[in-house]
Structure formats: structure tokens, C-alpha cells
Amino acid sequence: CLFNVFDRVSKLDLSSIQFQSGSLEENLKRLILCDNASTRTNSLTALFLRGLKLERLPSWMTNSLFPKLALLDLSKNFIRAIDLHSWTSLQQISL
């Protein structure tokens, strides 16, 4: 998990990341989710996930995991709809 090594990250850019095996969603989950994930992702204010060919936001990616997230960049993906009602701190989103 990235947050085990970099516990004070405020901006994370995983745009166009490629994995040799496994599904994109599972690999993202392994990178981002940790033990006590919510306490480790508290400092994240910007998340860039451009060009990952996502069709939807992963179900585990929620406001409770990223309570201070203000910017979410999902551009250059295939997302057609997203529920933003629960994202209380989100100020900017790119689709």
C-alpha cells in the first residue's frame, strides 16, 4: 500500500498507470487500501486517475475513505455516470 510508505500524501497521480497482471480495479485497491485505510488517506486532497479506461468508480472508493478529497480527475476514462451526493469535500471533478 502506498500510504504505508507515504503516509502524508496530499496529491496522488496514478494516471495512465499500467499493471502487468490482474485487473485494474484490484491493483488500484492494493495500492490505495491499507490496514486502517481511512486514517492513512485522510490527508489526500487531490486524486488523478486519468486515462485508466475506467467504466465506473470502484465501489470501495468512497467519501469515508477520502474525507478531504477536493479534486478528483477521472478524465480520459469511459465513465458515463457517477453519484457525487456523498462526496462532501469534493470541489472539482473532471470526467
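Residues numbered from 1 in each chain as written. Predicted model: local features only at pLDDT ≥ 70, side-chain atom pairs only at ≥ 80, totals over all residues. Heavy atoms only, no water.

K.L.:
Looking at this model, I keep getting lost on the overall build of the protein chain. Mind explaining?
P.N.:
Tallying secondary structure elements over the protein chain gives three helices and four strands in all. Against the compact-globule benchmark of 12 Å for 95 residues, the protein chain has a radius of gyration of 12 Å, which places it among compact chains. Along the first, second and third principal axes, the C-alpha atoms of the protein chain reach 35 × 30 × 20 Å. Of all 95 residues assigned to the protein chain, the portion counted as buried reaches 36%. For the protein chain, long-range pairs separated by at least 24 residues make up 62% of all intrachain contacts whose partners lie at least 6 apart in sequence. Surface accessibility of the protein chain: about 6,000 Å² in total, with carbon and sulfur atoms responsible for 47%. Of the charged side chains in the protein chain, 11 are positive and 8 negative, and the gap between their average positions amounts to 4 Å. (Helix = DSSP H or I, 4+ residues; strand = E, 2+ residues; numbered from the N terminus. Rg over C-alpha atoms; globule rule 2.2 N^0.38 Å. Buried < 20%, exposed > 50% of the residue type's maximum accessible area, 1.4 Å probe, protein only. Contact = heavy atoms within 4.5 Å. Areas by Shrake-Rupley, 256 points an atom, 1.4 Å probe, with all protein chains shown as cover. Lys, Arg positive; Asp, Glu negative; His and termini not counted. Charge placed at Lys NZ, Arg CZ, Asp CG, Glu CD.)

K.L.:
What exactly am I supposed to notice about the nonpolar core here?
P.N.:
Burial of nonpolar side chains together is a common tendency in soluble globular proteins. Core analysis: the largest hydrophobic core is formed by 24 residues, its most contacted members being I32, L47, L49, M61 and F66. With three residues, the single largest contributor to this core is helix α2 (residues 24–32). In this view, I32 contacts C1, F3, L12, L14, T41, W60, M61 and F66; residues no more than four positions away in its chain are not counted. (Core = buried A, V, L, I, M, F, W, Y, C linked by side-chain atoms within 4.5 Å.)

K.L.:
What's the story with the environment of D83 in this structure? I'm lost.
P.N.:
Inspection of the secondary structure puts D83 in the loop between β3 (71–73) and β4 (92–94). It is 13 Å that separates the C-alpha atoms of D83 and E55, two residues lying 28 residues apart in sequence. Polar contacts involving the side chain of D83 include one to the side chain of H85, which spans 2.8 Å. (Polar contact = N/O pair within 3.5 Å; in protein donor to acceptor, adjacent residues only side chain to side chain.)

K.L.:
Honestly, the confidence of the model for the protein chain in this entry has me stumped. Any pointers?
P.N.:
Fine structural detail should not be taken from predicted coordinates in areas where pLDDT scores are low. Taken as a whole, the protein chain shows an average pLDDT of 87; of its residues, 94% reach a score of 70 or greater. Per-element mean pLDDT across the protein chain ranges from 58 in helix α3 (residues 37–40) up to 97 in β3. (pLDDT = per-residue confidence, 0-100.)

K.L.:
What is the right way to read the side chain of S75 from this model?
P.N.:
By the element assignment, S75 lies in the loop between β3 and β4. Judged by its relative accessible area of 15%, S75 is buried. Among the polar contacts made by the side chain of S75, one reaches the side chain of D73 at a distance of 2.6 Å.

K.L.:
Would you explain α2 in this entry?
P.N.:
Every α-helix carries 3.6 residues per turn, so stepping three or four residues along brings you back to the same face. Along α2, the residues classified as buried are N27, L28, L31 and I32. Down the axis of α2, the buried set is contained in an arc of 125°. They therefore lie on one face. (Arc of directions from axis to C-beta.)

K.L.:
Teacher, can you tell me more about the environment of I82 here?
P.N.:
Its location among the elements puts I82 in the loop between β3 and β4. Note on I82: relative accessible area 22%, which makes it partly exposed. As for I82 and L33, which are separated by 49 residues in sequence, their C-alpha atoms are 21 Å apart. Ignoring any residue separated from it by four or fewer positions in sequence, one finds I82 in contact with L57, L74, I93 and L95.

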